[in-house]
Amino acid sequence: MPVADESIFWLTIAELSARLRAKEFSCVELTRAFCDRLERHAPRYNALAVSLREDAIRKAREVDNDLKRGRHRSPLHGIPYGAKDLLAYPNHPTTWGAKPYAGQVFDAPAAVLRKLDGAGAVLTGKLSMVELAGGGGYLYPTASLQGPGLNPWDTAKWSGGSSSGSGSAVAAGLATFAIGSETSGSILTPAAFCGLTALRPTYGLVSRAGAMALSWTLDKLGPMCRSVEDCGLVLQAISGKDGDDPGSAGKSYYYAPQFTRKFSDLRVGYAPSDWDSLPSSDARAPLQTALDAFKTMGVQWKEVELPAFPYGPVLSMVLGGEAGSVFEELITSGKVDELADKNQIAGLKSYLDISARDYLRAMRVRSLMQAEIRKMFYDVDVLITPTRSTTAPAASEPLRRAPAAAAPSAPPNAGPRGLREHIPAMNLAGYPALTMPCGFAGALPLGVSLITRPFNENTLIALGLSYQSNTDWHKRHPKV
Amino acid sequence: MVRVNRRQLTGALLAGAAVPQGNAQSPAAQPAGDQLLAEAKGQVAANRATLHRFPLPMSTEPASAFKAS
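Residues numbered from 1 in each chain as written. Chains lettered and ligands numbered in written order. Predicted model: local features only at pLDDT ≥ 70, side-chain atom pairs only at ≥ 80, totals over all residues. Heavy atoms only, no water.

(A) How the structure looks around the overall build of chain B. Secondary structure summary: chain B contains two helices and one strand in total. Along its sequence from the N terminus, chain B presents helices and strands in the succession β-α-α. For chain B, the residues scored as buried account for 25% of the 69 residues in total. When the accessible surface of chain B is summed, it comes to about 4,800 Å², and 55% of that surface belongs to carbon and sulfur atoms. (Helix = DSSP H or I, 4+ residues; strand = E, 2+ residues; numbered from the N terminus. Buried < 20%, exposed > 50% of the residue type's maximum accessible area, 1.4 Å probe, protein only. Areas by Shrake-Rupley, 256 points an atom, 1.4 Å probe, with all protein chains shown as cover.)

(B) Up close: helix α15 (residues 457-470) of chain A. Residues and elements named next belong to chain A. Taking 1.5 Å per residue as the helical rise, α15 with its 14 residues ought to reach 20 Å, and the 20 Å between its terminal C-alpha atoms agrees with that figure. Of all 14 residues in α15, 11 are buried; the element is thus mostly enclosed. Looking at α15, one finds that the buried residues are Glu457, Asn458, Thr459, Leu460, Ile461, Ala462, Leu463, Gly464, Ser466, Tyr467 and Gln468. (Expected span 1.5 Å × (residues − 1).)

(C) Spotlight on the packing of aromatic side chains. All names here are of chain A. Per the counting criterion, the structure on display carries 14 aromatic pairs over all chains. The rings of Trp96, Tyr101, Phe106 and Phe327 are connected pair by pair, giving a single aromatic cluster. Here the basic side chain of Lys251 rests over the ring of Phe455, its NZ or CZ set 4.5 Å away from the ring centre. In this arrangement the basic side chain of Lys295 is found over the ring face of Trp301, its NZ or CZ atom lying 5.7 Å from the centre. (Phe/Tyr/Trp six-rings, centres within 6.5 Å; stacked < 30°, edge-to-face > 60°. Lys NZ or Arg CZ within 6 Å of the ring centre and 35° of its normal.)

(D) Broad picture of the pattern of salt bridges. All names here are of chain A. All told, the structure shown has 23 salt bridges over all chains when counted by the stated rule. Measuring nitrogen to oxygen at the nearest pair gives 3.1 Å for the salt bridge that ties Asp117 to Lys59. Taken as a pair, Asp117 in helix α4 (residues 111-118) and Lys59 in helix α3 (residues 53-68) lie far apart in primary sequence, 58 residues in all. Residues Asp381 and Arg453 are paired through a salt bridge, measuring 3.2 Å at the closest nitrogen-oxygen approach. Highlighted residues: Asp381 in the loop between α13 (356-379) and β12 (382-386) and Arg453 in the loop between β14 (444-452) and α15, separated in sequence by 72 residues. Among the ionic contacts, a cluster of salt bridges with common partners joins Arg261, Arg267, Asp381 and Arg453. (Salt bridge = Lys/Arg side-chain N within 4 Å of Asp/Glu carboxyl O.)

(E) Spotlight on the environment of A:His422. All names here are of chain A. In this fold, His422 is placed in helix α14 (residues 422-429). Residues His422 and Glu305, 117 residues apart in the sequence, show an inter-C-alpha distance of 9.9 Å. Here the side chain of His422 touches Thr387 through a polar contact of 3.1 Å, landing on its backbone oxygen. (Polar contact = N/O pair within 3.5 Å; in protein donor to acceptor, adjacent residues only side chain to side chain.)

(F) Seen up close, the confidence of the model for chain A. Per-chain confidence: chain A averages 95 in pLDDT, with 96% of residues scoring 70 or above. Taken as a whole, residues 402-412 of chain A scores under 50 in pLDDT and shows 32 contacts with residues more than four places along the chain or in a different chain. (pLDDT = per-residue confidence, 0-100. Contact = heavy atoms within 4.5 Å.)

(G) Inspection of the sheet that holds strand β4 (residues 122-127) of chain A at higher detail. Residues and elements named next belong to chain A. Strand order in the open sheet made by the 11 strands is β1-β4-β2-β7-β9-β8-β13-β14-β12-β10-β11, with mixed pairing throughout. The two strands at the open ends of the sheet, each matched to only one other strand, are β1 (48-51) and β11 (300-303). Neighbour-to-neighbour, the strand axes of the sheet open up by a mean angle of 30°, direction not taken into account. Sheet strands in contact with helix α9 (residues 281-295) are β10 (267-270), β11, β12, β13 (433-441) and β14, and its direction is about 130° off that of β13. (Pairing = 2+ DSSP bridges. Axes fitted to C-alpha atoms, helices over the stretch in contact; angles between N-to-C directions.)

(H) Expanded view of the environment of A:Leu235. By secondary structure assignment, the location of A:Leu235 is in helix α7 (residues 228-238). Excluding residues that lie within four positions of it along the chain, A:Leu235 makes contacts with A:Leu199, A:Pro201, A:Leu205, A:Val206, A:Pro223, A:Tyr253 and A:Glu457.

(I) Representation of unusual backbone geometry. All names here are of chain A. Looking along the chain, the bond that leaves Gly161 and enters Ser162 is cis, with omega of 10°. Examined against the element boundaries, Ser162 turns out to sit in the loop between β6 (154-158) and α5 (164-171). Phi at Trp96 takes a positive value of approximately 55°, unusual for a residue other than glycine. If you trace the backbone, Trp96 turns up in the loop between β2 (80-84) and β3 (104-105).

(J) A look at the nonpolar core. One finds A:Leu87, A:Leu132, A:Phe177 and A:Phe327 to be the most contacted residues of the largest nonpolar core, which totals 134 residues. A:Ala47, A:Leu48, A:Trp158 and A:Leu196 belong to the second-largest nonpolar core, a separate cluster that totals 30 residues. (Core = buried A, V, L, I, M, F, W, Y, C linked by side-chain atoms within 4.5 Å.)

(K) Fine view of the packing of helix α2 (residues 27-45) of chain A against α3(A). All names here are of chain A. Contact pair α2 / α3: the axes reach a minimum separation of 8 Å and the direction vectors enclose 160°. For the element pair α2 / α3, the angle class is roughly antiparallel. Judged by the twist between their axes, the crossing of α2 over α3 is right-handed. Where α2 abuts α3, its residues Cys27, Val28, Thr31, Arg32, Cys35, Asp36 and Glu39 lie against Arg53, Ala56, Ile57, Ala60, Arg61, Val63 and Asp64. (Parallel < 35°, antiparallel > 145°, perpendicular 65-115°, else oblique. Left-handed = near helix turned anticlockwise from the far one by under 90°.)

(L) Structural context of α3(A). Residue and element names in this part refer to chain A. Taking 1.5 Å of rise per residue, the 16 residues of α3 would be expected to cover 22 Å, and the 22 Å separating its terminal C-alpha atoms lies within 8% of that figure. By the burial criterion, the buried members of α3 are Asp55, Ala56, Ile57, Lys59, Ala60, Val63, Asp64, Asp66 and Leu67. Close packing links the buried residues of α3 with α2, α4 and β4. Positive phi appears at Gly70, one or two residues downstream of α3, with a value of about 80°.

(M) Here's a closer look at the state of the cysteines. All names here are of chain A. By the definition in use, this model includes zero disulfides over all chains. With no disulfide partner, Cys194 has as its closest neighbouring cysteine sulfur the one in Cys225, 14 Å distant. Relative accessible area serves as the criterion here: at 1%, Cys194 is assigned to the buried category. Cysteine Cys225 shares no disulfide, and the gap to the nearest cysteine sulfur, in Cys231, comes to 3.9 Å. (Disulfide = S-S within 2.5 Å.)

Structure below.
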């Protein structure tokens, strides 16, 4: 039976899995349909780095054989997905979005892809990204080997970075979910700009073995999906101890939101200034409505603000010190000049100016920062804040931000601190975050983020499930 | 990591790689590389100065073996 119904491209993992098990279509048919769609539409968004059709069909045949025998490996069994092109995959180029690495081929898959393979998920393609995950500080969305990530909601807009292709592909129904990476905002930003639900896990929860290193103490991998439930299911499959990742926390995640504390016991922190000072009046109303929706859940509310720290400079110094070491050979050989974005080239070269003293000072300030953020969570269990204060910017314009951050962070403007700098602050602390679509400003999606203590992802998931059971923003999709 | 020769790479790219579409041209009128490098180095220096202004007790150890707290 062929896959004829276009609605399958927008189903969640659980919905698609149920239809596979009901034998409405085979996994091979489903995989072919997704591969066709990916290859046909992804170039419109510059979302595809490499199609893995042949390998995907081979995997789908294995899944069909399993299903015939009544074997169901996991909720992800037979589900087509895509992965950011910084994850190693054998026998095909893994470009890291950058020309100097266009010919790079690894002989083993990244740990996260191996785990998903074991769970029966079907990898259909590697998805584009900002070159080197934007580690040098890019100024233009064009900073990618595949071209600027274009937003399926409006192709004149950027899809966000650095997991650009992952954002576009899931938003356009070209993959049921994708794996992205975040050093400082690279999962949350494209998810918010493209209207996805995505989870940045606690640092160390998901192995980065086989993933491009940008900053060893900041890099994280996580799911970019269509629903909170999907994020939980994917995180369960990819989390866990890995001796091949020195940053591995040795912990696993089990999808069990039903066992979290009662909402009435949860203390949710928010900063009124985050919501009052949004630059766009179009964005203010939908984000305020999202905040009000959480206020009806019966949780306790408390006004908070981030401790006073120079988050941007600390993040830039830590990232720069580590990226300068990771890419030292690229920089000193001159091959760095092959990158697409001149700001990125200059940023990477400037990292060689960072001394051991500079780096250690930043890491010492980071220690103090972590301690203060830990104290902040004595009084609250969860923080809520707009994921980004604006919708996606134009794809053809400079991003107008300071260099030396993997993704844009909050501008250093005056006024109350609030939680505006949650992206650099919580990435430096290693805390998990969940972003969900919560409305539109014009035709473009907005996102709201929940943040919690390390290894407390189920609390985010429980609150997110409740929110998505009462709203339908996550079910909306662009016309493709 | 293994390397591929040019023929293998061409085959792989032709088989499945995406071609950039639309808006993919290089940004026009970017400042020269030397100017950008000077600005980037200036940013590193500014970050260094900011961190040196931040009070740091002598006993503070770096988050060198980083763990989420």
